[in-house]
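# Coordinate inspection notes
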Amino acid sequence: MSIAPATPETIAQAADILRSGGLVAFPTETVYGLGGDATNDAAVEKIYAAKGRPSFNPLIVHVGAPDWVASIAQADARFGTLTRAFWPGPLTLVMKRHTTSSVSKLVSAGLDSVAVRMPDHPVAASLLLAVGRPLAAPSANKSGSISPTEARHVLDSLARPPALIIDGGKCRVGVESTVLDLTTLTPVILRPGAITREQIEAVIGPVTIGTDTPHAPKSPGQLASHYAPGLPVRLNAAEAKTDEILIGFGPAQGTLNLSPRGDLAEAAANLFALLRQADNATLYKCIAVAPVPEQGIGLAINDRLRRAAAPRNTGS
Ligand code: TXA
Ligand code: MG
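Residues numbered from 1 in each chain as written. Chains lettered and ligands numbered in written order. Predicted model: local features only at pLDDT ≥ 70, side-chain atom pairs only at ≥ 80, totals over all residues. Heavy atoms only, no water.

## Describing the packing of helix H1 (residues 8-19) against helix H4 (residues 122-131)
- Interaxial distance between H1 and H4 falls to 9 Å at its minimum, and their mutual angle equals 50°. As far as their axial angle goes, H4 and H1 are oblique. Relative to H4, the crossing made by H1 is right-handed. Side by side, H1 and H4 meet where Ile11, Ala14, Ala15, Leu18 and Arg19 of the first sit next to Val123, Ser126, Leu127, Ala130 and Val131 of the second.
- Residues that form the contact of H1 with H4 fall into these classes: 8 nonpolar, 1 polar and 1 charged. (Axes fitted to C-alpha atoms, helices over the stretch in contact; angles between N-to-C directions. Helix = DSSP H or I, 4+ residues; strand = E, 2+ residues; numbered from the N terminus. Parallel < 35°, antiparallel > 145°, perpendicular 65-115°, else oblique. Left-handed = near helix turned anticlockwise from the far one by under 90°. Contact = heavy atoms within 4.5 Å. Nonpolar A, V, L, I, M, F, W, Y, C, P; charged D, E, K, R; others polar.)

Structure below.
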C-alpha cells in the first residue's frame, strides 16, 4: 500500500485500479473516501469488507456531473434546484432508484433508494472524470470509528488499507456531507453537515430534521455510537478533570483547541484530527470537549460529538 501525492500520473493509475474493480482512497472536500466502481458488485462488496461495515448501511454514490444521476435515480424538480445551488459540494441527495439503475443494488443495502453527491474537490473531480463511472465511497475509516481528514488517517484507521491512497492534503470542510432525503414530500435532513437547514430551505422551502430511532434508523448509518475514539468522551466540559484531556473551543482553552478564535468552520475542519490526537495521547483516560454553539455547521459538529460520546453498544 502507498500514499501518493495527487499528480496526474497518480490519478491515471487510480482510475485504472478503479476500472478493474479495485479500491482507492481519495480526498474530497469533506473527508477521505474509500472508492470503488459503483456499477460493479464485486468492487462494492470489497468496500463493505474493508471497512467492516454492516451490510444494512448503504453507501453514497459520487458522480462527476449532475447529469450522471439520470441513469441512477429518479430525480425531480427539487434535484435540479438543489444541485444548481449546492453542487459540487457537501450535499448528498437520497432519491428513489431507477428500476434499471446503473449502480449496484449493494450500494443501496436493500433499500429502494440511492444517495448521490458530486464532491467539490479537484482530485475527486479529476478522478471521477478519468474513471467515467460513478464511485461508491464511504468515509475511509473502520466502521464506527473517526472519519479521516488526512491521507495518513486512512492508513491508521483501516486494518487492510487499499493499495493506493491519494494524498490531497487536509480536507477543507472536515465533517461529512449533509444527507437530505428527497423520497418524501417534505425533505428530511438525515445527517447534518456543512450545508445547513437554513441554506436548503432558502431554495426549496421547509425541510424537517430526521429523528433518530436507533433500532430502525431511517439513514441506517446514523447509529447512536459512531465516530468513536478508543477513550470515552465527555461533552460540554468547562474544564479538564484529573486524567482528562480537554479539547477547547474559542476562549475555553484546552490542551488542544478546535478554533481559538471561535470559528465554527475552522472547528469542523479540525474536529476529527483533534479527536484522533487526543485519543492517541497516552497520559489520559478521557477526552473532555468544551461546548460548541448549536448553530450553522455547529449542528454537524455536535451531532458527531454526541455520537463519539454515545455508549458503544450498537455493534457498528
Ligand atoms: O462527505 C461524505 O458524504 C463522505 C465523503 C467520502 O463523500 N462520505 C460519507 O459516506 O460520509 P458514509 O458511508 O460514511 O456515510 C453515508 C451516509 C450514511 O449515514 C448512510 O446511512 C447514508 O449516508 N445513506 C446512504 N445511502 C442512503 C439511502 N439510500 N438512504 C438513506 N441514507 C443513506
Ligand atoms: Mg462514515
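## A word on the domain arrangement of the chain
- Assigned domains of the chain: these are domain 1 (2-209) and domain 2 (233-309).
- Computed over C-alpha atoms, the centres of domain 1 and domain 2 are 26 Å apart.
- Listed by partner, the interface residues are 22 residues for domain 1 and 15 residues for domain 2.
- Of the roughly 1,300 Å² buried between domain 1 and domain 2, counting both surfaces, carbon and sulfur atoms make up 61%.
- For the pair domain 1 and domain 2, the interface holds 1 salt bridge.
- Across the salt bridge formed by arginine 304 and glutamate 176, the nearest N and O atoms sit 2.8 Å from each other.
- Connecting domain 1 to domain 2 are 5 residue pairs in polar contact (both at pLDDT 80 or more).
- In terms of residue count, the dominant contributor to the side of domain 1 that touches domain 2 is helix H5 (residues 151-157) (3 residues).
- By residue class, the composition of the side of domain 1 that touches domain 2 is 8 nonpolar, 8 polar and 6 charged. (Domains from an automatic or database assignment. Buried area = accessible area lost by both parts, 1.4 Å probe. Salt bridge = Lys/Arg side-chain N within 4 Å of Asp/Glu carboxyl O. Polar contact = N/O pair within 3.5 Å; in protein donor to acceptor, adjacent residues only side chain to side chain.)

## Details of the side chain of asparagine 257
- Looking at the element boundaries, asparagine 257 is found in strand S14 (residues 256-257).
- Accessibility expressed as a relative area gives 14% for asparagine 257, which makes it buried.
- Among the polar contacts listed, one links the side chain of asparagine 257 to the backbone oxygen of glycine 250, at a separation of 3.1 Å.
- Only 2.9 Å separates the side chain of asparagine 257 from the backbone nitrogen of serine 259, close enough to count as a polar contact.
- In contact with asparagine 257, not counting residues within four places along its chain, are Gly248, Phe249, Gly250, Ala252 and Leu274. (Buried < 20%, exposed > 50% of the residue type's maximum accessible area, 1.4 Å probe, protein only.)

## A few points about the sheet that holds strand S10 (residues 188-191)
- Spatially, 11 strands are ordered S1-S8-S2-S3-S7-S4-S6-S5-S9-S10-S11 in an open sheet, and the strand pairing comes out mixed. In this open sheet, the two strands that pair with only one neighbour each are strand S1 (2-5) and strand S11 (208-209).
- Here strand S5 (residues 91-96) pairs with strand S6 (residues 113-117) via 4 bridges, running antiparallel. Across the sheet, valine 94 pairs through a bridge with alanine 115, a residue of S6. (Pairing = 2+ DSSP bridges.)

## Some words on the sheet that holds S14
- Here we have 4 strands laid out as an open sheet, ordered S12-S15-S13-S14, and parallel in their pairing. The outermost strands of the open sheet, each flanked by one partner alone, are strand S12 (233-234) and S14.
- Both strand S13 (residues 244-248) and S14 contribute to a ladder of 2 bridges, which runs parallel. Paired with isoleucine 247 across the two strands is leucine 256, which belongs to S14.

## What about the packing of helix H7 (residues 264-280) against helix H8 (residues 298-309)?
- Direction vectors running N to C along H7 and H8 enclose 20°, while the axes themselves pass 9 Å from each other. Considering the angle they form, H7 stands roughly parallel to H8. Handedness of the crossing formed by H7 with H8: left-handed. Counting all contacts with H7, which are made through Leu264, Ala267, Ala268, Leu271, Phe272 and Leu275, the residues of H8 involved are Gly298, Ile301, Arg304 and Leu305.
- Here the residues of the contact of H7 with H8 are counted per class, giving 8 nonpolar, 1 polar and 1 charged.

## Re the pairing of S6
- Where burial is concerned, most of S6 is hidden: 5 out of the 5 residues are buried.
- Alternating positions in S6 separate into two faces, Ser113, Ala115 and Arg117 on one and Val114 and Val116 on the other, with burial throughout.
- In this structure, strand S4 (residues 60-62) lies alongside S6, joined through 3 bridges in parallel fashion. Of the residues in S6, the one forming a bridge with histidine 62 is arginine 117.

## Focus on the packing of aromatic side chains
- This structure, assessed with the given rule, holds 2 aromatic pairs.
- When the ring of phenylalanine 79 is compared with that of tryptophan 87, the centres are 5.5 Å apart and the planes differ by 85°; the resulting orientation is edge-to-face. Considered together, phenylalanine 79 and tryptophan 87 belong to a single accessibility category, that of buried residues.
- When the ring of tyrosine 227 is compared with that of phenylalanine 272, the centres are 5.5 Å apart and the planes differ by 10°; the resulting orientation is stacked. With tyrosine 227 in the loop between S11 and S12 and phenylalanine 272 in helix H7, this residue pair connects regions lying 45 residues apart in the sequence. (Phe/Tyr/Trp six-rings, centres within 6.5 Å; stacked < 30°, edge-to-face > 60°.)

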